[in-house]
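Each chain, written out:
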Amino acid sequence: QSARVGCWLMDNNPSGNSFDVSDAACLNNNCPSCFLTPSFGSTALTLTITNCSSHRWGLGTQNMKRTGVWSYVFINRNLLATLTVTDGVNSYTLNTK
C-alpha cells in the first residue's frame, strides 16, 4: 500500500476508511485520487472523503492544493460486499464486482 502512487488500498473495516484529502491523511502522505477495496470480506464498506475541493497533491507531503473539478476513481473488487462513497452529504454505492 502506497500513499504516493497508484490507488489507495482501503482497510477491510466498515468504519475505518475516512480521509480528509486536504491534509496528509494517507499514512502521513498526500492521498491519491484512486481508492480500491480489498478483494475479500463480506461486510459492506464506506469510504468518506472530506475537503475534496482542496485535495493536496504531489509526492509525500507537498502542500499543493487542487482547485476546480478533479476526477476520482473508486474500484470495488469485492465479490460479496458493496462500497459506499460519501463526502458526508452525498453518497454513491458501488455494487459488487
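Up top you'll find the structure we're talking about.
Since the model is a prediction, treat every value here as computed from it, not as a measurement. (Residues numbered from 1 in each chain as written. Predicted model: local features only at pLDDT ≥ 70, side-chain atom pairs only at ≥ 80, totals over all residues. Heavy atoms only, no water.)

(A) Representation of the packing of aromatic side chains. A complete count under the given rule lists four aromatic pairs for this structure. Between Trp 8 and Phe 19, the ring centres sit 5.8 Å apart and the planes meet at 75°, which makes this aromatic pair edge-to-face. Taken as a pair, Trp 8 in strand 1 (residues 8-9) and Phe 19 in strand 2 (residues 18-20) lie far apart in primary sequence, 11 residues in all. Taken as a pair, Trp 8 and Phe 19 share a single burial class, namely buried. With a centroid separation of 5.7 Å and 35° between ring planes, the pair formed by Phe 19 and Phe 35 is classed as tilted. Of this pair, Phe 19 sits in strand 2 while Phe 35 is found in strand 3 (residues 34-36), placing the two residues 16 residues apart along the sequence. Phe 35 carries the same exposure label as Phe 19, and that label is buried. In textbook terms, an aromatic cluster arises when at least three aromatic residues are bridged by ring pairs, as seen for Trp 8, Phe 19, Phe 35, Tyr 72 and Phe 74. (Phe/Tyr/Trp six-rings, centres within 6.5 Å; stacked < 30°, edge-to-face > 60°. Helix = DSSP H or I, 4+ residues; strand = E, 2+ residues; numbered from the N terminus. Buried < 20%, exposed > 50% of the residue type's maximum accessible area, 1.4 Å probe, protein only.)

(B) Expanded view of the sheet that holds strand 3. Spatial ordering of the open sheet is given by 1-3-7, a layout of three strands whose pairing is parallel. Taken across any chain shown, the strands that pair with only one partner, and hence form the sheet edges, are strand 1 and strand 7 (73-75). Across three bridges, strand 3 lies against strand 7 in parallel orientation. Bridge pairing links Cys 34 to Val 73 in strand 7. (Pairing = 2+ DSSP bridges.)

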